[in-house]
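Now for the letters of each chain:
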Amino acid sequence: MIIFSDVSKSFGDQETAIKHFSLEIKDGDFLVITGPSGTGKTTLMKLLIKEYEPTSGEIEVDGEKYSQLKKSRIPELRRKIGVVFQDYKLIKEMNVWENIALPIYIQGKKDREVEERVTDLLNLVNLADKALFFPRQLSGGEAQRVSIARALACGPKIIFADEPTGNLDTQATLAITRLLKKINELGTTVLFATHDELVLKELAKEKIVKLEKKTAQPEETNEEEAEQVKEIAHFEIADIKDEEESEQDKEENKEKEESKEKKKKDIKIRKSKKDKK
């Protein structure tokens, strides 16, 4: 189980990324975390893998409180949590097989175990025929499937997918979403962070947590800026009005002058006719 208890995370005097966040996630859950950019979805992921420390509150995984976790045990914690990134983060110099195998080798597993695990994962993500391809030779959807396979390499209990469909087209987005759902059905807890409307529609029946943008304190300059904008708008409207009135005055004066000239001409014509008589 994952427990966030009244967790907040701020960065100096910047906006508070997470504020008083509390949530319990049971083993085997599929949880959708949504909200606009800047609401703290990535911050939640970094708090979960202990890349960030919360400013306040407590995080707990499998009964172990993060505040009491020794630094020497952080690598063990991170092996429980696989992360899928929006930009894949594949190693360009390694082929698909090597990218997936790397974390297993780091664990010190034997070649036979690595071979079996990588083969199983390639079959799971339907990329057995691309094992020797390099990242530059893959489509976005294929690269993300490699990223998912690598996240699963060490058999984590939890997968945190951070905007995994952000760079993908419609077809690839649906394929990745359904692959993560399949992984969940095989027993892995999945946290899927997204604001993709297509994904939200596809996962409408799943548990959804919506994050909202919050700040530590409202910015005092906002009202002043709004007033300045209002004043500028007011003056611009006034200037336009003055210009319109000025144009109207010019037209009226022009008409008056033309009327005067016409009257003068009429008087001259009448006077000329009288003189002739």
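Residues numbered from 1 in each chain as written. Predicted model: local features only at pLDDT ≥ 70, side-chain atom pairs only at ≥ 80, totals over all residues. Heavy atoms only, no water.

Q: An account of the pattern of salt bridges is requested, with residue identities and associated values reported.
A: For the coordinates displayed, the defined rule picks out 14 salt bridges. Note that Arg73 and Glu76 form a salt bridge whose closest N and O atoms lie 3.2 Å from each other. The exposure class of Arg73 is partly exposed, given its relative accessible area of 30%. Of the residues examined, Glu76 reaches a relative accessible area of 37% and is grouped as partly exposed. Note that Lys89 and Asp87 form a salt bridge whose closest N and O atoms lie 3.4 Å from each other. Overall, the relative accessible area of 45% leaves Lys89 in the partly exposed class. (Salt bridge = Lys/Arg side-chain N within 4 Å of Asp/Glu carboxyl O. Buried < 20%, exposed > 50% of the residue type's maximum accessible area, 1.4 Å probe, protein only.)

Q: Give me the lowdown on the side chain of Asp29, citing residues and values where you can.
A: Along the chain, Asp29 falls in the loop between strand 2 (18-25) and strand 3 (30-34). Within the structure, Asp29 has its side chain in polar contact with the backbone nitrogen of Lys26 (distance 3.0 Å). Those residues in contact with Asp29, other than ones at most four positions away along the chain, are Asn184, Thr188, Thr189, Val190 and Lys207. (Helix = DSSP H or I, 4+ residues; strand = E, 2+ residues; numbered from the N terminus. Polar contact = N/O pair within 3.5 Å; in protein donor to acceptor, adjacent residues only side chain to side chain. Contact = heavy atoms within 4.5 Å.)

Q: Tell me what's going on with the sheet that holds strand 2, and back it up with residues and numbers.
A: Spatially, the 4 strands line up as an open sheet ordered 2-1-4-5, and their pairing is antiparallel. The open sheet has two free edges, formed respectively by strand 2 and strand 5 (64-65), since each of these has just one partner strand. Packing against the sheet, helix 1 (residues 41-48) makes contact with strand 1 (2-9), strand 2 and strand 4 (56-61), and its axis sits at approximately 120° to strand 1. (Pairing = 2+ DSSP bridges. Axes fitted to C-alpha atoms, helices over the stretch in contact; angles between N-to-C directions.)

Q: Lay out the nonpolar core with the relevant residues and their values.
A: Ile100, Val118, Leu122, Ile148 and Leu180 are the most contacted members of the largest nonpolar core, which has 39 residues in total. Contributing elements (two or more residues each) for this core: strand 3, helix 3 (96-106), helix 4 (111-124), helix 5 (140-152), strand 7 (158-162), helix 6 (170-185), strand 8 (189-193) and helix 7 (197-202). Other than its neighbours up to four places away in sequence, Leu122 contacts Val96, Trp97, Ile100, Leu127, Ala128 and Ala131. (Core = buried A, V, L, I, M, F, W, Y, C linked by side-chain atoms within 4.5 Å.)

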